[in-house]
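A look at the structure
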Amino acid sequence: MLAANALVRFVEKFAAKIKLSPLVIGATLIAIGTSLPETFVAISSISQHVPNISLGDIIGSNIANISLVLGVGILLFQVRVGTNKTQKNNLIILLLTASLALLFFLPAPIRKSLALFLALFYVLFIVIEIIWGEIGSHKEDRRALNKMHKYRGRPIAFFLGILFSLAGLIISSKYLVSSALNIAATLGVDPEVVGLSLIAVGTSLPELVTTVISALNKEWKLLLGDIQGSNIYNLSVLGAVLILFGDGYGSAHTFSLIYLMLTTTSFFLLIKKYESVIIPRIYGLLYLISYGVYLSFIYL
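Residues numbered from 1 in each chain as written. Predicted model: local features only at pLDDT ≥ 70, side-chain atom pairs only at ≥ 80, totals over all residues. Heavy atoms only, no water.

Quick look at the overall build of the protein
Note the following rule: Each helix is a run of H or I in the DSSP string that is no shorter than four residues. Each strand is a run of E no shorter than two, and both are numbered from the N terminus. Summary of the burial criterion: residues with accessible area below 20% of their type's maximum are buried, those above 50% are exposed, and those between are partly exposed, where the area comes from a 1.4 Å probe applied to protein chains only. Contacts between residues were defined by any pair of non-hydrogen atoms, one from each residue, lying within 4.5 Å. To measure how exposed things are, a 1.4 Å probe is used in the Shrake-Rupley method; for residues, cover is taken only from the protein chains shown.
The secondary structure content of the protein amounts to 13 helices and zero strands. Listing each helix as α and each strand as β along the protein from the N terminus yields α-α-α-α-α-α-α-α-α-α-α-α-α. When the 300 residues of the protein are sorted by exposure, 53% land in the buried category. Of the contacts made within the protein by residues no fewer than 6 positions apart, 88% connect residues no fewer than 24 positions apart. Within the structure as shown, the protein displays about 13,300 Å² of accessible surface, and the carbon and sulfur contribution to it stands at 71%.

Here you go:
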């Protein structure tokens, strides 16, 4: 919690200094940082010839980020939705989720060729986010940025503070993931299910902690930006890596891919419906219930 609190503070100061929306920083820098546990799981699973674990982690983490992480945020706090970049990012997530799901039904050579476009898209996404952030600083984010406290210090110092805070979050989550793996091995649970549930929740802990601290500080754009950016990173970068260097997927992933598509669609429609207003807390409860239903299905 201390690392997450420091992270939010440094992001606020960094955003104020460079005059860029916290949503953009959350969707890029913070999202990459909080997705590093998924990245480490991907590298480890490929090197040990068990890519299904990481694929399950990616699918499960994206489901957890919406149903669990956002669900907690909506239930406990008044989450206000943005009108421009938030909506555009949600459309990107929806399209990427559909694209990744469709890739698994294509022949392996075609699938691997198209996977390269997922990785290239992420580079384009970063550039687009920065451009949108710059445009927004002169339009819809102008008032919010002007209201930000004028902090002393250099942007590089706040940037380094963000990196050290992310390191603290990642180290904290690493121990929980390793513990979950040991428990799963002892109980003899299917590796696919481990990735979809225990590891997915563990690697989503940085997003969960960041969400709670962001909400406490009323940094709604950072809260939503981290969730959106993390899901986009998982789908594009890690999805491409696993398709290129790992083959196949198990039966548990078929159901989870469908569930991910349904969850992402509901997220898209919810953010669209409550544009510029606060999301009713009942939706947080519904998301948490849906996550419980999902876990019960994959363990049956």
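There's more to say after this.
Focus: the packing of aromatic side chains
Stated precisely, the cut-off is as follows: Aromatic pairing here means that ring centres of Phe, Tyr or Trp (its six-membered ring) are within 6.5 Å. Orientation follows from the plane angle: under 30 degrees is stacked, over 60 is edge-to-face, and everything else is tilted.
Counted according to the given criterion, the structure contains eight aromatic pairs. Centre to centre, the rings of Tyr-291 and Tyr-294 are 6.0 Å apart; their planes meet at 35°, and the pair counts as tilted. You can see Tyr-291 and its partner Tyr-294 sitting in helix 13 (residues 282–299), three residues apart, about one turn around the helix. Note on Tyr-291: relative accessible area 5%, which makes it buried. Judged by relative accessible area, which is 0%, Tyr-294 ranks as buried.

A few points about the confidence of the model for the protein
Caution applies to low-pLDDT parts of the model: their predicted coordinates are not meant to be read in detail. Just so we agree on the cut-off: Values of pLDDT, ranging from 0 to 100, describe the predictor's confidence in every residue of the model.
On average, residues of the protein score 76 in pLDDT, and 70% of them reach the 70 mark or higher. Confidence, expressed as mean pLDDT per element, reaches its minimum in the protein at helix 7 (residues 142–147) with 52 and its maximum at helix 13 with 92.

Examining a nonpolar patch on the surface
The test is simple: Residues enter a patch when their relative accessible area is above 30% and they make no salt bridge; the linking distance is 9 Å between like charges and 5 Å between nonpolar side chains (Val, Leu, Ile, Met, Phe, Trp, Tyr). The salt bridge criterion pairs a side-chain nitrogen of Lys or Arg with a carboxyl oxygen of Asp or Glu, the two atoms within 4 Å.
The grouping of Phe-255, Ile-282, Leu-285, Leu-286, Ile-289, Val-293 and Phe-297 at the surface amounts to a nonpolar patch, some 600 Å² of accessible area in total. Residue contributions to the nonpolar patch peak at six residues, all from helix 13.

Concerning helix 10 (residues 205–216)
Here is the rule: Take the residue count of a helix, subtract one, and multiply by 1.5 Å to get its expected span.
The terminal C-alpha atoms of helix 10, which comprises 12 residues, lie 17 Å apart, in line with the 16 Å expected from a rise of 1.5 Å per residue. A large share of helix 10 lies buried, amounting to 10 of its 12 residues. One or two positions beyond helix 10, positive phi appears at Lys-218, with a value near 60°.

Things to note about the side chain of Thr-97
Quick reminder of the rule: Here a polar contact is taken to be a pair of N or O atoms separated by no more than 3.5 Å, where protein atoms must pair a possible hydrogen donor with a possible acceptor and residues adjacent in sequence count only if both atoms sit in side chains.
Here Thr-97 is to be found in helix 5 (residues 85–103). Among the polar contacts listed, one links the side chain of Thr-97 to the backbone oxygen of Ile-93, at a separation of 2.8 Å. Contacts of Thr-97, omitting those with residues within four sequence positions, involve Leu-235, Leu-260, Met-261 and Thr-264.

A look at the environment of Leu-106
Within the secondary structure, Leu-106 sits in the loop between helix 5 and helix 6 (108–137). Residue Leu-106 is classed as partly exposed on the basis of its relative accessible area of 33%. In this structure Leu-106 touches Arg-111 and Leu-114, once residues within four positions along its chain are discounted.

Focus on helix 13
Inclusion rule: The arc refers to the directions leading from the helix axis to the C-beta atoms.
In this model helix 13 runs 26 Å from its N-terminal to its C-terminal C-alpha over 18 residues, within 8% of the 26 Å that 1.5 Å per residue would give. Along helix 13, the residues classified as buried are Gly-284, Tyr-287, Tyr-291, Tyr-294 and Ile-298. Projected down its long axis, helix 13 carries its buried residues within an arc of 75°, all on one side.

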